[in-house]
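Examining the three-dimensional arrangement
Each chain, letter by letter, is given below.
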Amino acid sequence: MGNPSILQDYTRTMSASKLQESGEVRIAHTLHTKEDEFVFERRKTVFQSLQELKIYCSEDAVPNIALLGSGGGQRAMVGLLGSLVQLDKAGLLDCILYLSGVSGSTWCMASLYQEPDWSTKLETVKNKIIRRISGPGVRWGNALAKLKKYYYGKDHFSLTDVWAVMIVTEYVKEIDECKLSDQWDQHNKDPFPIYTVIDKQYKQCKDEKDPWFEISPLEAGYSLTGAFVETSSFGSQFDNGSKKKLQDEMDMLYLQALCGSVLADGDEIRKFLWQKIKDFFEHLFHIMQLEMFDEIRKDPNASHAENSYQVLMDLVNMNLTVLNGKDPSALDQSIRKTLNDPNASHAEKCYQVLMDLVDMNLAVLNGKDPSALDQSIRKTLNELSGGKHMDFPTEKLNLTDKQAAKLCIKQYTKDMCHNLRSWFSFWPFDVWISICRCMVQWIWGRKYDFLQNMNDESIPSTLLKSETRDYEDTGLFMNSPYFSVLRKERNIDLIISLDFSDGDPFMTVREAAEMCKKRKIPFPEVNIPSEDVKKPKDFYVFKGTNTPTVIHIPLFNVVNCGDIETLRNKYRTLQVPYSAEMITDLMEVAGKNISNNREKLLEQIGAAVRQKGHN
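Okay, so let's go over this structure. Just so we're clear, the structure is a prediction, and the values are computed from it rather than from any experiment.

1. Observations concerning the overall build of the protein chain
Of regular secondary structure, the protein chain possesses 22 helices and 14 strands. Expressed as a percentage of its 615 residues, the buried residues of the protein chain come to 55%. Restricting to contacts in the protein chain with at least 6 residues of sequence separation, those with at least 24 account for 73%. Accessible surface, the protein chain as shown: approximately 27800 Å² in total, 50% of it carbon and sulfur.

2. What about helix α19 (residues 507-519)?
With 13 residues, α19 ought to run about 18 Å at 1.5 Å a step, and its terminal C-alpha atoms sit 18 Å apart, in line with that. Of the positions making up α19, those classed as buried are Thr508, Val509, Ala512, Ala513, Met515 and Cys516. In this structure, the buried side of α19 is in contact with β5 (212-215), α18 (482-485), β12 (494-499), β13 (540-542) and β14 (549-554). Count one or two residues on from α19 and you reach lysine 520, which has phi positive near 60°.

3. Observations concerning the environment of asparagine 361
With respect to the helices, strands and loops of the structure, asparagine 361 is situated in helix α13 (residues 342-365). With 78 residues separating them along the chain, asparagine 361 and methionine 439 place their C-alpha atoms 9.6 Å apart. If sequence neighbours within four positions are ignored, asparagine 361 has contacts with Trp274, Ile409, Thr413 and Val440. At a separation of 2.9 Å, a polar atom in the side chain of asparagine 361 contacts the main-chain carbonyl oxygen of leucine 357.

4. Observations concerning the nonpolar core
The nonpolar side chains of soluble globular proteins are, as a tendency, buried together. Within the largest apolar cluster, 149 residues are counted, with the highest numbers of intra-cluster contacts made by Leu84, Ile215, Phe281 and Leu451. Looking at this core element by element, the count peaks at 12 residues for α13. For isoleucine 215, the contacting residues outside a window of four places in its chain are Leu180, Pro193, Ile194, Tyr195, Val197, Ala220, Thr231, Phe234, Met250, Leu255 and Leu258. In this structure, Tyr98, Trp212, Tyr482 and Val550 belong to the second largest nonpolar core, which totals 34 residues.

5. Considering the pattern of salt bridges
Throughout the structure, instances matching the rule amount to 26 salt bridges. Aspartate 359 is the salt-bridge partner of lysine 278, the closest N and O atoms lying 2.9 Å from each other. With lysine 278 in helix α10 (residues 267-298) and aspartate 359 in helix α13, the pair connects residues that are 81 residues apart, well separated along the chain. Beyond isolated ion pairs, a larger network of salt bridges with shared partners links Glu35, Glu214, Arg487, Glu489 and Arg490.

6. Remarks on the state of the cysteines
Tallying each qualifying case throughout the model produces 0 disulfides. Free cysteine cysteine 436: the closest other cysteine sulfur is in cysteine 417, separated by 5.0 Å. With a relative accessible area of 0%, cysteine 436 lands in the buried category.

7. Looking at the side chain of asparagine 557
Its location among the elements puts asparagine 557 in the loop between β14 and α20 (564-570). A distance of 2.8 Å separates polar atoms of two side chains, one belonging to asparagine 557 and the other to asparagine 593. Non-local contacts of asparagine 557, meaning those with residues more than four positions away in its chain, are made with Pro536, Lys537, Asp538, Ile564 and Asn593.

8. Looking at helix α3 (residues 73-89)
Taking 1.5 Å per residue as the helical rise, α3 with its 17 residues ought to reach 24 Å, and the 25 Å between its terminal C-alpha atoms agrees with that figure. Most of α3 is tucked away, with 14 of its 17 residues classed as buried. Positive phi appears at glycine 91, one or two residues downstream of α3, with a value of about 75°.

9. A word on the pairing of strand β7 (residues 227-230)
Here strand β1 (residues 26-27) runs beside β7; their pairing, made up of 2 bridges, is antiparallel. Within β7, the residue paired with isoleucine 27 across the bridge is alanine 227. Relative to β7, strand β6 (residues 219-222) is paired through 4 bridges, and the arrangement is antiparallel. Bridging across to β7, alanine 220 finds its partner in valine 229. Hairpin connection, β6 to β7: the antiparallel pair is bridged by 4 residues, and glycine 226 has positive phi, about 80°.

10. Examining the packing of aromatic side chains
By the definition in use, this model includes 30 aromatic pairs. Here phenylalanine 234 and tyrosine 471 contribute two aromatic rings whose centre-to-centre distance is 5.4 Å and whose plane-to-plane angle is 70°, an arrangement assigned as edge-to-face. Within this pair, whereas phenylalanine 234 is found in the loop between β7 and β8 (237-239), its partner tyrosine 471 is found in strand β11 (residues 468-473), the two being separated by 237 residues in sequence. On the basis of relative accessibility, which here comes to 1%, the residue tyrosine 471 falls in the buried class. Ring pairing ties together the aromatic residues Phe213, Tyr222, Phe234, Phe450 and Tyr471, which thus form one cluster. Lying across the ring of tryptophan 442, arginine 270 places its NZ or CZ 4.0 Å from the centre. Positioned above the aromatic ring of phenylalanine 234 is the side chain of lysine 447, whose terminal nitrogen or guanidinium carbon lies 5.6 Å from the ring centre.

Calculation rules
- Residues numbered from 1 in each chain as written.
- Predicted model: local features only at pLDDT ≥ 70, side-chain atom pairs only at ≥ 80, totals over all residues.
- Heavy atoms only, no water.
- Helix = DSSP H or I, 4+ residues; strand = E, 2+ residues; numbered from the N terminus.
- Buried < 20%, exposed > 50% of the residue type's maximum accessible area, 1.4 Å probe, protein only.
- Contact = heavy atoms within 4.5 Å.
- Areas by Shrake-Rupley, 256 points an atom, 1.4 Å probe, with all protein chains shown as cover.
- Expected span 1.5 Å × (residues − 1).
- Polar contact = N/O pair within 3.5 Å; in protein donor to acceptor, adjacent residues only side chain to side chain.
- Core = buried A, V, L, I, M, F, W, Y, C linked by side-chain atoms within 4.5 Å.
- Salt bridge = Lys/Arg side-chain N within 4 Å of Asp/Glu carboxyl O.
- Disulfide = S-S within 2.5 Å.
- Pairing = 2+ DSSP bridges.
- Phe/Tyr/Trp six-rings, centres within 6.5 Å; stacked < 30°, edge-to-face > 60°.
- Lys NZ or Arg CZ within 6 Å of the ring centre and 35° of its normal.

Structure representation (structure tokens):
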């Protein structure tokens, strides 16, 4: 009888191949067959590129090179673009086998991979991207339509949908509804793209080892665990490896929000997002009012003309009153009396409760007493219910105990949302209520768990028992996608890490070294001179025995910019979108890290060739 372990590996490989063909779950520490085929062809391109660079080797000695883009919001998006442009000019872009990103770097990747074979026309693609991201933003009506589509189009709505529509569109300036899996046949001449997120629940399990989750045009899954599903089926419901309920594949806007929600943690982002939601509610409610008056305008019945005129005059006066800081309630009552629409009164009451609810949450986060807002909510809900008894939370907030106050307002908000749902289960109030519920429960990136009810001892039990999983920005765990390319089956020889992080420019590479050591994954030792922490240079090389070589390049350094802190403050992670001038300047700064180090990059590529040739 043959070796049992070999037989098991063979059986698993055959099973994995079969599953790939059926589009179901794949459990194996192997590459997708189409990725294998891509790598085989891409290595021919790399071989030819090395010849042109006068780095001569056999085809077997061609190194597998991965380029990593860290997180960093729009700073990372622009920085990666500038770096890629210079890699192209240096003749090095065709040496790259894999391109993997976190957070803001994935925004750049998504823009690039819109264009078939983008690396063959990068100058043109770059100019197109810059024009878009420095131009006008997405129209409110289009953003609202997209939110509506997200809300009604799938089983699990979360803050990632809100983040996509309200935040990501501010920076990428478009609603990209293309699907990642549709791009597969369009990029034969580009590096293989890998987008990364983490499993939120997995990350919180201290005994587990693999929260890293990768998404490529072919499949999505756990990088180190070796459990994958075809990307077009990621989000669909599975039971014991078989598809049970189809869900549409996420579009590229949602993918950018899933990857780029690094701020999905902490009180400051809660304040930021509650305020954004409040602004959104206000804007949308005014749109609703305008739509209502537009219906009046379209009414052909001449007898309504006088009423329409009166309503429009009152509306103008209401806006003037608000601008002058005065109370417009009398004018509001006049409009309602003219329209004789009781539903409009109910809608405004719901709107007022939601606004008070948002303000209550903000008050608690800021350590302020929300009791006046609580009384306003109770009064409004009693009016809506016609004085009927309602179950209000009665626990008094203790603002001196911050954690207890958070738990109390969380329950309060959930109860209020439940009460409101009984009256307002229609657009847009249904989505508003869901947003508030997602905020207090802090639900991000919720998807069906494609591993639910599987029976496989190689998969941690926590992944087999849950109906859903929540996915979020990898930057919340480690701000660079090392583990997507450290899969043993990818056989990476050289990693070029572009670090666009805020703060410590060496945190990502240090963390990668520490995590790899704990997990016994080959990675070189990382030692940084203490004087370099505040004054980083522009090029670091870390080598080890039987490990990939790691090149680490901090964005801002003593070589490419005179005053590091000034540039860090100028290009913060969370700020208004950059101007065209800021984009051009940042691309130049990032590009210098490549152009200034072309010879060093060639030297390390050559060393990787020699090392691989000796093995």
